[in-house]
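# Geometric and topological summary
Below, each chain spelled out in residue letters.
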Amino acid sequence: MTLPDNENDNNVASHKMYMGWAIKLAKYALDHGETPVACIFVHYKSKQIVAYGMNDTNNSLTGIAHAEFMAIEQIKSRFPNDPIGFNQFCSDCIVYVTVEPCIMCASALKQLNFKKIYFGCGNDRFGGNGTVLSINQDKSTVNYNGVVYKQKSIPGLYRREAIMLLRYFYVKENKRSPNPRIKLDRNLDKDNFPQINWSHYMNNNLFGQEFGLHNLSHFQTMDDIEEFSTIDWNLIDSTYDNILNDLQLETKHFKLNEYKRLKV
Ligand SMILES: [Zn+2]
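A brief report on the enclosed structure follows.

Definitions and limits used
Residues numbered from 1 in each chain as written. Predicted model: local features only at pLDDT ≥ 70, side-chain atom pairs only at ≥ 80, totals over all residues. Helix = DSSP H or I, 4+ residues; strand = E, 2+ residues; numbered from the N terminus. Buried ≥ 20, exposed ≤ 12 C-beta atoms within 10 Å, placed from the backbone. Core = buried A, V, L, I, M, F, W, Y, C linked by C-beta atoms within 7 Å. Contact = placed C-beta atoms within 7 Å. Axes fitted to C-alpha atoms, helices over the stretch in contact; angles between N-to-C directions. Parallel < 35°, antiparallel > 145°, perpendicular 65-115°, else oblique. Nonpolar A, V, L, I, M, F, W, Y, C, P; charged D, E, K, R; others polar. Pairing = 2+ DSSP bridges.

Right, let's talk about unusual backbone geometry for a bit. You will see that N81, though not glycine, has its phi angle at about 55 degrees, which is positive. Within the fold, N81 resides in the loop between α3 (67–77) and α4 (83–90). Given 6 C-beta atoms within 10 Å, N81 falls into the exposed group. In this model, Y158 sits at a positive phi of 55 degrees, which is unusual for a non-glycine residue. Structurally, Y158 is set in the loop between β5 (152–154) and α6 (159–176). Its 29 C-beta neighbours within 10 Å are what place Y158 among the buried residues.

This is the structure in structure tokens:
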């Protein structure tokens, strides 16, 4: 599934489509006992999905099995014995991830020079793209060519849905725990969402470019942009049993050889 060719890769319809995939995959993760975090990598010129990943820490018993790493491995497998091709390809990809990358993943995405990062909600404890550290913008991490650069990272796509999935997870975990922590022993809050301090992640120029001038007031009021201000309950309350198959088909559409031949 691709949208009609459009010079502007910033339109909200395409964001909804790609982040929609990521949210559905995060819901699948939740339904399978994982932390609901997932991502989609999009080759920005062809606008095709080239990789996807979901959190797999519980199933794999590996604390570092984060969504982003699963997707990075998928891309890597397209480039056996070709580290340069792998690196170049990553810099042509846009990342859509439901929750702000943690510090570890933020560093990996920065080193691999991904073109741009879009995420849903902030990661209050471990966020590496503006909440705790700003790996994407600081000088701590260089790309594979050793160049210090700033990587654009934009929050707020399906932010409320991403938050709700995490709330579902924590309420479920708390019920399962033999000693529920008082802090988490609460009813599911479906009405209140924290403000988003956009200035932690981007300046108002980039905000205007990304979301349009009609949304600029939200930068000041620290609220969700118009297009994401009403939560899509259907999106997060459905089940997606076939999503892994669907995503495999999506990524198969992308033929690396054709891409190389056309030099898009
Ligand atoms: Zn991570």
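Attention now goes to the nonpolar core. Core analysis: the biggest nonpolar cluster contains 63 residues, and A22, C39, V95 and Y96 have the highest contact counts within it. A total of 10 residues in this core trace back to one element, the largest contributor, which is helix α1 (residues 12–31). Those residues in contact with V95, other than ones at most four positions away along the chain, are C39, F41, L109, F114, I117 and Y118.

With that settled, consider the packing of α3 against helix α5 (residues 103–111). If you want to describe how two helices pack, look at the angle between their axes and the distance between the axes. α5 packs onto α3 with a crossing angle of 30 degrees between their chain directions and a minimal axis gap of 9 Å. Between α3 and α5, the angle falls in the class roughly parallel. Here E68, F69 and I72 of α3 come into contact with α5, specifically with C105, A108 and L109. Per-class residue counts for the contact of α3 with α5 are 5 nonpolar, no polar and 1 charged.

Take the sheet that holds β5 next. Spatially, 5 strands are ordered β2-β1-β3-β4-β5 in an open sheet, and the strand pairing comes out mixed. Pairing within the sheet leaves two strands with one partner each, and these edge strands are β2 (48–54) and β5. Looking at each pair of strands side by side, their axes are set apart by 20 degrees on average, direction ignored.

To continue, consider the packing of α1 against α6. Orientation of α1 relative to α6, taken along the N-to-C sense of each, is 0 degrees, at an axis distance of 10 Å. When the axes of α1 and α6 are compared, the pair comes out roughly parallel. Counting all contacts with α1, which are made through I23, A26, K27 and L30, the residues of α6 involved are E161, A162, L165, Y168 and F169. In terms of residue class, the contact of α1 with α6 is built from 7 nonpolar, no polar and 2 charged.

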